[in-house]
Amino acid sequence: MPGRLCCRESLDFLDSVLFSGCKWSESGPGPAFEADRVSHLVTWQDGRCSPTFLSSLPLPQSHVSLATGFGCATVFWYSKNSPDFLKAYDAAGTIQDYVVAMLCDLRKPLMSVQNAASWGYFNCRNKSWNTEILKKSGFPVHLLPEVGDPGSIAGRTTCAWHGIPQGAKVGIALGDFQCSVYSCLTERTDAVLNISTSAQLTISMPLGFQPPEAPDPSSAVTYFPYFNGDYLAVAASLNGGNVLAAFVGMVAQWAQELGFQVEESAIYPRIIQAALAQKHSKLSVQPTIFGERHLPELLASVSSIGASELSLGHVTRALCRGLVENLCSMFPVQQLQELGVSRVLGSGSALARNEVLRQEVERIFPFPVLYGKDVDAAVGAAMVMFHSK
């Protein structure tokens, strides 16, 4: 029996997996699910689809530009570079689609519009895959899952499992970014700023908004399908807490090369304290060491370097400011004002741990900034299903 390919969605974009031939069995105190022919997970951070490869693919009939890590791009890569690999599978989906299919014993996975949009080659206006475009390019369209609306029911549990009774309704898998926003966004005039491993700045678009029919590869803002036909405007940066982690790692490596052993966990609070002592820095840091989706070749740089600006505090302060300025270059403050934003909800582990980063957020955004709002995808998903009753 063929297997299945799977993808998992991250906070910003989608990851994938192929699968088939899995089953429930009686084991120990209760039923257990046994995975059989399932591919390795391909995450949104997968880099096999180079800009050159992506440019060789047909233009999607979608408002979302194609990027490496997208499910359809990954399948295209396999079909062109390892076609025999795909022969072992009969379905593809996100990792959460796989879990839903497992719980409901679905013959074919069911994917939400939210996740489908992040796979590429999906038209959100008519809620369908670009089947004809994909077929003409030799894409194995039989792998693509059926698509349903966010908040709809995918099926019912076939077995009692970890306290969940048999016959319980199971919702279609949702985008974790959309659920995170849903858990905290109560007003359309709020903007949600999240800085964790990566960084996102998002707002809810006005009622009735429809994204453009064709993608704009140069645009830093992407429109994510939300709930009830609404869209989120999202500036999703690849550079957030991961940049600060890389900086801490660099400091630790330098210390080691000088003959000192310093744990990274000890460095982080010290650089924050050093930066708190420097209220300003003339240094200018472009922190994009991981590039950006709309500018994959963009790398980091440092300018305005003066002899008096070389302390660890100055550099850390400038780096934190650069992370916030990079997001604002993707989604300018003036545009936020034009869309009616009145306050910013700050969230994410990097923002919570870093007072300097919070100071720079408050310095750069001309809106009140509110911290402490619970931003949790699991809570958001539960809220969606409760409100959809």
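First things first, this report covers the structure right here in the doc. (Residues numbered from 1 in each chain as written. Predicted model: local features only at pLDDT ≥ 70, side-chain atom pairs only at ≥ 80, totals over all residues. Heavy atoms only, no water.)

Structural notes on a nonpolar patch on the surface
Move 1: Nonpolar side chains collect at one region of the surface, where Leu258, Phe260 and Val262 lie side by side and expose about 310 Å² of accessible area between them.
Move 2: Look at Phe260 and you get exposed, because its relative accessible area is 53%. (Patch = residues over 30% accessible without salt bridge, like charges linked within 9 Å, V, L, I, M, F, W, Y side chains within 5 Å. Areas by Shrake-Rupley, 256 points an atom, 1.4 Å probe, with all protein chains shown as cover. Salt bridge = Lys/Arg side-chain N within 4 Å of Asp/Glu carboxyl O. Buried < 20%, exposed > 50% of the residue type's maximum accessible area, 1.4 Å probe, protein only.)

Re the pattern of salt bridges
Move 1: In total, this model carries 8 salt bridges according to the counting rule given.
Move 2: Residues Arg343 and Asp190 are paired through a salt bridge, measuring 2.6 Å at the closest nitrogen-oxygen approach. Within this pair, whereas Arg343 is found in strand 19 (residues 343–347), its partner Asp190 is found in strand 13 (residues 190–195), the two being separated by 153 residues in sequence.
Move 3: Relative accessible area serves as the criterion here: at 26%, Arg343 is assigned to the partly exposed category.
Move 4: Taken together, the salt bridges that share partners define one network made up of Arg317, Glu360 and Arg363. (Helix = DSSP H or I, 4+ residues; strand = E, 2+ residues; numbered from the N terminus.)

Some points on the pairing of strand 15 (residues 221–225)
Move 1: Most of strand 15 is tucked away: 5 of the 5 residues are buried.
Move 2: Burial of the side chains of strand 15 extends over both faces: Val221, Tyr223 and Pro225 are buried on one face and Thr222 and Phe224 on the other.
Move 3: Where strand 15 meets strand 16 (residues 231–237), 5 bridges bridge the pair, whose relative direction is antiparallel. Within strand 16, the position partnered with Pro225 by the bridge is Tyr231.
Move 4: Taken together, strand 15 and the strand that follows it, strand 16, pair antiparallel across an intervening segment of 5 residues, in which Asn228 is found at a positive phi of about 55°. (Pairing = 2+ DSSP bridges.)

Side note on the packing of helix 9 (residues 264–276) against helix 13 (residues 355–364)
Move 1: Interaxial distance between helix 9 and helix 13 falls to 8 Å at its minimum, and their mutual angle equals 40°. As summarised for this structure, helix 9 and helix 13 are arranged oblique, according to the angle between their axes. Residues Ile272, Ala275 and Leu276 of helix 9 lie in contact with helix 13, whose contacting residues are Glu355, Val356 and Gln359. (Axes fitted to C-alpha atoms, helices over the stretch in contact; angles between N-to-C directions. Parallel < 35°, antiparallel > 145°, perpendicular 65-115°, else oblique. Contact = heavy atoms within 4.5 Å.)

Details of the layout of surface pockets
By rolling a water-sized probe across the atoms, one finds the places where empty space is left.
Move 1: The calculated volume of the largest pocket comes to roughly 1,100 Å³.
Move 2: Lining the largest pocket are 44 residues, with Leu66, Ala67, Thr68, Arg293 and His294 positioned closest to its centre.
Move 3: Counting residues per element, the ones that place at least two in the lining of the largest pocket are helix 1 (51–55), strand 15 and strand 16.
Move 4: A class-by-class count of the residues in the lining of the largest pocket yields 27 nonpolar, 12 polar and 5 charged.
Move 5: By volume, the second largest pocket is sized at about 470 Å³.
Move 6: Around the second largest pocket sit 22 residues that line it, and Phe247, Met250, Val302, Val315 and Leu319 are the ones nearest its centre.
Move 7: Mapped by element, the contributors of at least two residues to the lining of the second largest pocket are helix 8 (241–257), strand 17 (284–286), strand 18 (301–303) and helix 10 (312–330).
Move 8: A total of 7 residues in the lining of the second largest pocket trace back to one element, the largest contributor, which is helix 8.
Move 9: Considering only residue class, the lining of the second largest pocket consists of 18 nonpolar, 3 polar and 1 charged. (1 Å grid on protein atoms, 1.4 Å probe; cavity = no way out; pocket = protein on both sides within 12 Å on 5 of 7 lines; lining within 4 Å. Points joined across faces, edges and corners; volume = space filled by probe spheres on them. Nonpolar A, V, L, I, M, F, W, Y, C, P; charged D, E, K, R; others polar.)

Description of the nonpolar core
Move 1: In this structure, Leu193, Leu357 and Phe365 are the most contacted members of the largest nonpolar core, which totals 76 residues.
Move 2: Among the elements that make up this core, the one with the highest residue count is helix 10 (8 residues).
Move 3: Setting aside its immediate chain neighbours within four residues, Leu193 contacts Gln200, Leu201, Leu327, Val344, Leu345, Gly346, Ser347, Leu351, Val361 and Phe365.
Move 4: One finds Leu110, Ala154, Val170 and Ile172 within the second-largest nonpolar core, a separate group that totals 26 residues. (Core = buried A, V, L, I, M, F, W, Y, C linked by side-chain atoms within 4.5 Å.)

Observations concerning the environment of Ile195
Move 1: Counting through the fold element by element, Ile195 comes out in strand 13.
Move 2: A relative accessible area of 2% places Ile195 in the buried class.
Move 3: Expressed as a C-alpha distance, the spacing of Ile195 and Gln45, which sit 150 residues apart in the sequence, is 17 Å.
Move 4: With residues up to four places along the chain from it excluded, the contact list for Ile195 reads Gly240, Gly241, Ser347, Gly348, Ser349, Ala350, Leu351 and Leu357.

Structural notes on the packing of aromatic side chains
Move 1: Tallied over the entire structure, the rule returns 13 aromatic pairs.
Move 2: Between Phe177 and Phe224, the aromatic rings sit 5.5 Å apart at their centres with planes inclined by 75°, giving edge-to-face as the arrangement. Here the residue Phe177 occupies a position in helix 7 (residues 176–182), and Phe224 occupies one in strand 15, the gap between them amounting to 47 residues. Accessibility assignment for this pair places Phe177 and Phe224 in one class, buried.
Move 3: Ring pairs connect the aromatic residues Trp77, Tyr78, Phe85 and Tyr89, which therefore count as one cluster.
Move 4: A cation sits over an aromatic face here: Arg48 above Trp77, 4.9 Å from the ring centre.
Move 5: For the cation-ring pair, Arg353 lies above Tyr268, with the distance from its terminal atom to the ring centre recorded as 4.4 Å. (Phe/Tyr/Trp six-rings, centres within 6.5 Å; stacked < 30°, edge-to-face > 60°. Lys NZ or Arg CZ within 6 Å of the ring centre and 35° of its normal.)

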